[in-house]
Structures are given as structure tokens and as C-alpha cells.
Amino acid sequence: MARTKKAEAPAYDRDAWEYLTYAPGQKCSACLRTLKPMDPARRGTIDRTSGAPAVIYRHNKCPSTQAVAA
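Since the structure is predicted, the reported quantities are computational estimates derived from the model, not experimental observations.

Below, the discussion takes up the environment of Cys62. Residue position: Cys62 is located in the loop between β3 (54–59) and α1 (63–69). Taking relative accessible area as the criterion, Cys62 reaches 1% and is therefore assigned buried. Among residues more than four places away in sequence, those in contact with Cys62 are Cys28, Ala30 and Cys31.

Here it is in C-alpha cells:
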């Protein structure tokens, strides 16, 4: 049986967000907080090494990224 090469996780392009939406109950990929019903969120996808791309959500103005920028 031949050995296969290990697949590397792809890099994520931060600016490649699909659209702004509302996703109550989903987790923000940056701060890991649950999105509230009226929190606007950016939707994006991350390619996985095996399987279909995974959908991720992030606060439009995430508290964790604002704390770093300040």
C-alpha cells in the first residue's frame, strides 16, 4: 500500500467574505461567542482538506478584533 502525502490546511483569505447576514445561535469564528438574533454577521467559507467547505460566521464588528486594533 502506497503512502499518501499529508494534506495541508488551506490558508484563509480574511477579505473573502460572501455577504452580511443574521445567524442567531451560530458561533463567531474569532471570539467564539454565540451570535444574538439581531447581530449582523459576515458569512464565509473555509476549504477543508477533506470534504465540502465549512461555513463560518463572524460578527460584523467583532469585539475581539476591535480590542486588538485599539
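Continuing now.
One open sheet accounts for three strands, arranged β1-β2-β3; its pairing is antiparallel. The open sheet has two edge strands with one neighbour each: β1 (19–22) and β3. Averaged over all adjacent pairs, the angle separating strand axes in this sheet is 45°, with direction ignored. Pairing of strand β2 (residues 40–46) with β3 involves six bridges; the strand directions are antiparallel. In the strand pairing of β3, Ile46 is matched with Ala54.

The next point concerns the side chain of Arg58. Among the secondary structure elements, Arg58 is positioned in strand β3. According to the relative accessible area criterion, Arg58 is buried, its value standing at 15%. Here the side chain of Arg58 touches Ser29 through a polar contact of 3.1 Å, side chain to side chain. Every residue in contact with Arg58, bar those within four places of it in the chain, is listed here: Trp17, Cys28, Ser29, Ala30, Pro40, Ala41 and Arg42.

Conventions adopted
- Residues numbered from 1 in each chain as written.
- Predicted model: local features only at pLDDT ≥ 70, side-chain atom pairs only at ≥ 80, totals over all residues.
- Heavy atoms only, no water.
- Helix = DSSP H or I, 4+ residues; strand = E, 2+ residues; numbered from the N terminus.
- Buried < 20%, exposed > 50% of the residue type's maximum accessible area, 1.4 Å probe, protein only.
- Contact = heavy atoms within 4.5 Å.
- Pairing = 2+ DSSP bridges.
- Axes fitted to C-alpha atoms, helices over the stretch in contact; angles between N-to-C directions.
- Polar contact = N/O pair within 3.5 Å; in protein donor to acceptor, adjacent residues only side chain to side chain.

Everything listed is a geometric property; what it means functionally is a separate question.
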